[in-house]
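Below, each chain spelled out in residue letters.
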Amino acid sequence: MPAELTWGRRLLMCPPTHFDVSYAINPWMDIAVPVDRARARRQWDALVATLRAAGAQIEILPPQRGLPDLVFTANLGLVDGETFIPARMRHAERRAEPALAEHWFAAHGYAIRRLGDDVVQEGAGDALPFDGTLVGAYRTRSSASSYVDLARIVDARILPVELSDERFYHLDIAFCPLDSHSALVALDKFDEDSRRRLLALVADPIVLTAEEVEAFGANAVVVGRTVVMAACSPRLDKALRARGFEPVVVEVSEFLKAGGGPRCLTLALDVRLAAQDAGALAARYTAHNYHPLPVTVTHAEGAWVHDDRGRRHLDALSAYSALNFGHRHPRLVAAAHEQLERVTLTSRAFANDQLGPFARDLAALTGKERILPMNTGAEAVETAIKAARKWGRDVKGVAPERATIIVCDGNFHGRTTTIVSFSDDLLARDGFGPFTPGFVRVPFGDAAALEAALRERGDDVVAFLVEPIQGEAGVILPPDGYLRAVRRLTREHDVLLIADEIQSGLGRTGRTFACDHDNVVPDLYVLGKALGGGIVALSAIAGDDAVLDVFTPGTHGSTFGGNPLACAVGRAVLELLATGEPQANAARLGARLRSGLDAAASPALRAIRSRGLWFGLDVRAHHGSARAICERLLAAGVLAKDTHEQTVRLAPPLTITAAEADWLLERLLGVLADADADATGRRLSATTPLPNPPLAA
């Protein structure tokens, strides 16, 4: 059964003490037809009793003499969590009502956010939430521009629809959400485009007949599976019950004289227009190319994040090393703020004052002569591939279309079509062919296999592309001496050595680059992730003139590559690395964590691989999957991520403190102990309480 409405169980209503039809501002009102106020009160009381019986909580707005339509609270404004947005009425007769409601909401602790003076928006009468979308009606009462204004206040997708019948002047007498899939819809009361939008939005609409619409069948109040209505035809009764609803008809004939029914008499106070579950919205509206852990991060600082449930977690993934310096590092945020006040983008059609200094500083860090900035890691790898092929033809003399690049089994360099062409990850490849030729794979860590491939392919080989440590594969370390052998072989065969240090570089392993552990300098560094400080997308390749001079104007580029905002943040990143402290902290605390893991000798782990603050933990199959371990860690306050079924990856920020590292270790060992207890049937009768997170972040 579809999910029930997340709103409608707490309602604001106003007794009809002063209700009357003393003016006519809609086609239903006739001042010549008297209102029986005593009968109206009996009908209102019966409606309140019915709603309470269905499970609704009723709050009372005191009536006000001289405001006969105050009883129709739906039009007073919009509620968004703890915020009230007063309506702006089209007719002078009702303009005093929102101000009166504003006082009530302010007295009850709501923040007040106001629409602009030049718009008309008649509250929830013209705006109703449906499955994460706020449907907003305009033309007959509210103005279309009001929803542009509303969008600056609320965090919700707004779907404007145009009403086409002056007699059905508000949305709530033509549209009624029932649950996450169904709604009552008076289709012929909307223009053609709006009909199409509504049918695209509502998976299972109940389209009302003309008679049902005239009887205010759409002006219903839904409380869970109870639908409180002014009228319900046998056809509509059957349609509702078939969907699990119980229709309940109440008498509201006195209020119909003013053009209002049950929904008009209520204002839902439990509406949250901003997504209540941002994770669910992401799952609903984004392509399913990720399987995230069930946590939604709302704000973060340093090594810590907070989720939408108020829980605090230590981030031991660091966005796959994009957050090497933690969340919102003050120096990086300051650099971004300063640049935001000046200029963010020029494109490379013009020079900017940040690109040159950034390139100079990165060249100094890498020891290379030239930099080519881009945006994402995959884009940087593609740039390196293009550079190698062009170098092969222009410098090495490889015949056109014969350039070959050797890569490694188990590689991960991104997910573009070219890159997955040389991946051995079947999931990344399946269905995405035809693939780009020109690549040969050899086993990672096998220098003899590389040498054999170099000899077999001969002078057609232009480059060997390798991750010094394979991150996505599970933090796979090469054998001692492998990178030195690779450097020797590539020089002997006049082949470029391209080191993809997107994850391993910029301090992660305890040195500036993972290649530094073997005293190896590649021909091209491929960098990304942490280069943008976790604030902007920034990547680059670094090489000498002999390689990068193959690029000439027009042969490669990117609108955002080298933009001043990214370069300003990148310069601040390079300043941090120039001190050597992030690298030293990674080495020091990485050794501390490794020592603790080794000493614990957890039976749940089959293997531990680490370098600096980068860990791959292989979980024994009978102790559960790596995903299950990561879910346990999440419950314990630690964010980590699985890969290849049985490996948990850890990569906390390089700025983590010793206290935070110790806390992480205790939580990790506790989770592993529980997994071992489950696997062996030795569940402990009591678990030693773990300490709270360190206050210093």
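Sequence order sets the numbering: in each chain, residues are counted from 1 along the sequence as written. Residues qualify for local features only when their pLDDT is at least 70, as the model is predicted, and side-chain atom pairs are given and counted only at 80 or more; totals for whole chains, interfaces and linings, by contrast, use all residues. Excluded from the side-chain calculation are hydrogens and water; included are all heavy atoms of the structure.

Points about the confidence of the model for the chain
When pLDDT is low, close inspection of the predicted coordinates is not appropriate.
And step 1. Residue-level confidence of the predictor is what pLDDT reports, using numbers from 0 through 100. On average, residues of the chain score 94 in pLDDT, and 97% of them reach the 70 mark or higher.
And step 2. By definition, residues are in contact when any of their heavy atoms lie within 4.5 Å. Here residues 683-691 is a poorly scored stretch, pLDDT under 50, and it has 11 contacts once near neighbours within four places are set aside; other chains count.

Looking at the sheet that holds strand E11 (residues 204-207)
And step 1. For two strands to be treated as a pair, DSSP must find no fewer than two bridges joining them. Numbering goes from the N terminus for both helices and strands, where a helix is a DSSP run of H or I of at least four residues and a strand is a run of E of at least two. Overall, mixed pairing links the three strands, which are arranged E9-E10-E11 in an open sheet. The two strands at the open ends of the sheet, each matched to only one other strand, are strand E9 (175-177) and E11. With strand direction ignored, the average angle separating the axes of adjacent strands in the sheet is 20°.
And step 2. As paired strands, E9 and strand E10 (residues 182-185) are joined by three bridges and run antiparallel to one another. Bridge pairing in E10 links Phe 175 to Val 185.
And step 3. Convention adopted: a line fitted to C-alpha atoms gives each axis, helices being fitted over their contacting stretch, and angles between N-to-C directions are expressed from 0 to 180 degrees. The strands that helix H6 (residues 234-242) touches are E10 and E11; relative to E11, the one it contacts most, it runs at about 165°.

Some words on the sheet that holds strand E24 (residues 524-527)
And step 1. The strand order across the open sheet formed by seven strands is E19-E25-E24-E23-E22-E20-E21, and the pairing between neighbours is mixed. Every other strand in the sheet has two partners, leaving strand E19 (370-374) and strand E21 (439-442) as the edge strands with one partner each. Strand-to-strand, the axes of this sheet are offset by a mean angle of 20°, without reference to chain direction.
And step 2. Here four bridges tie strand E22 (residues 461-466) to strand E23 (residues 496-500), and the two strands are oriented parallel to one another. Bridge assignment links Phe 464 to a residue of E23, and that residue is Leu 497.

Thoughts on the packing of helix H11 (residues 355-366) against helix H18 (residues 564-578)
And step 1. Closest axis-to-axis distance for the H11/H18 pair is 9 Å, and the angle between their directions is 30°. Taken together, the axes of H11 and H18 lie roughly parallel to each other. In this structure, H11 meets H18 at a crossing whose hand is left-handed. Residues Leu 355, Pro 357, Phe 358, Arg 360, Asp 361, Leu 362 and Leu 365 of H11 lie in contact with H18, whose contacting residues are Cys 567, Gly 570, Arg 571, Leu 574 and Leu 577.
And step 2. Class assignment of the residues belonging to the contact of H11 with H18 gives a composition of eight nonpolar, one polar and three charged. An angle below 35 degrees is treated as roughly parallel, one above 145 as roughly antiparallel, one from 65 to 115 as roughly perpendicular, and anything else as oblique. Note: crossing handedness is left-handed where the near helix turns anticlockwise from the far helix by less than a right angle, and right-handed where it turns clockwise. Under the grouping applied here, Gly and all other residues not named as nonpolar or charged are polar, the nonpolar ones being Ala, Val, Leu, Ile, Met, Phe, Trp, Tyr, Cys and Pro and the charged ones Asp, Glu, Lys and Arg.

Considering unusual backbone geometry
And step 1. Of the consecutive residues Gly 433 and Pro 434, the connecting peptide bond is found in the cis state with omega at 5°.
And step 2. Tracing the backbone through its elements, the reader meets Pro 434 in the loop between helix H14 (426-429) and E21.
And step 3. Look at Ser 318: it is not a glycine, yet its phi comes out positive at around 55°.
And step 4. Examined against the element boundaries, Ser 318 turns out to sit in helix H9 (residues 318-321).
And step 5. Overall, Ser 318 belongs to the buried group, its relative accessible area being 0%.
And step 6. A positive phi angle, near 55°, is found at Asn 519, a position not held by glycine.
And step 7. As for its position among the elements, Asn 519 is in the loop between E23 and E24. Whether a residue is buried, partly exposed or exposed follows from its accessible area with a 1.4 Å probe, protein chains only, as a fraction of its type maximum: under 20%, in between, or over 50%, in that order.

Quick notes on the state of the cysteines
And step 1. Any pair of cysteine sulfurs within 2.5 Å is marked as a disulfide. By the definition in use, this model includes zero disulfides.
And step 2. Distance from the sulfur of Cys 14, which forms no disulfide, to the nearest cysteine sulfur (Cys 264) is 14 Å.
And step 3. The buried category is assigned to Cys 14, whose relative accessible area is 1%.

Section: the packing of aromatic side chains
And step 1. What counts as a ring pair is set by centres within 6.5 Å for rings of Phe, Tyr and Trp (its six-membered ring), and what kind of pair is set by the plane angle: stacked under 30 degrees, edge-to-face over 60, tilted for all other angles. Counting across every chain of the model gives 14 aromatic pairs.
And step 2. Seen in terms of ring centroids, Phe 105 and Tyr 110 are 4.9 Å apart; in terms of plane orientation they differ by 85°. Their pairing is edge-to-face. You'll find Phe 105 and Tyr 110 in the same group, each marked buried.
And step 3. Ring-pair connections join several aromatic residues into one group, and the members of that group are Phe 84, Trp 104, Phe 105 and Tyr 110.
And step 4. Ring-over charges, as used throughout, are those where CZ of Arg or NZ of Lys falls within 6 Å of the ring centre and within 35 degrees of the ring normal. Over the ring of Phe 245 we find Arg 225; its NZ or CZ atom is 4.0 Å from the centre of that ring.
And step 5. Stacked on the ring of Trp 304, the Lys or Arg Arg 312 has its end atom at 4.2 Å from the ring centre.

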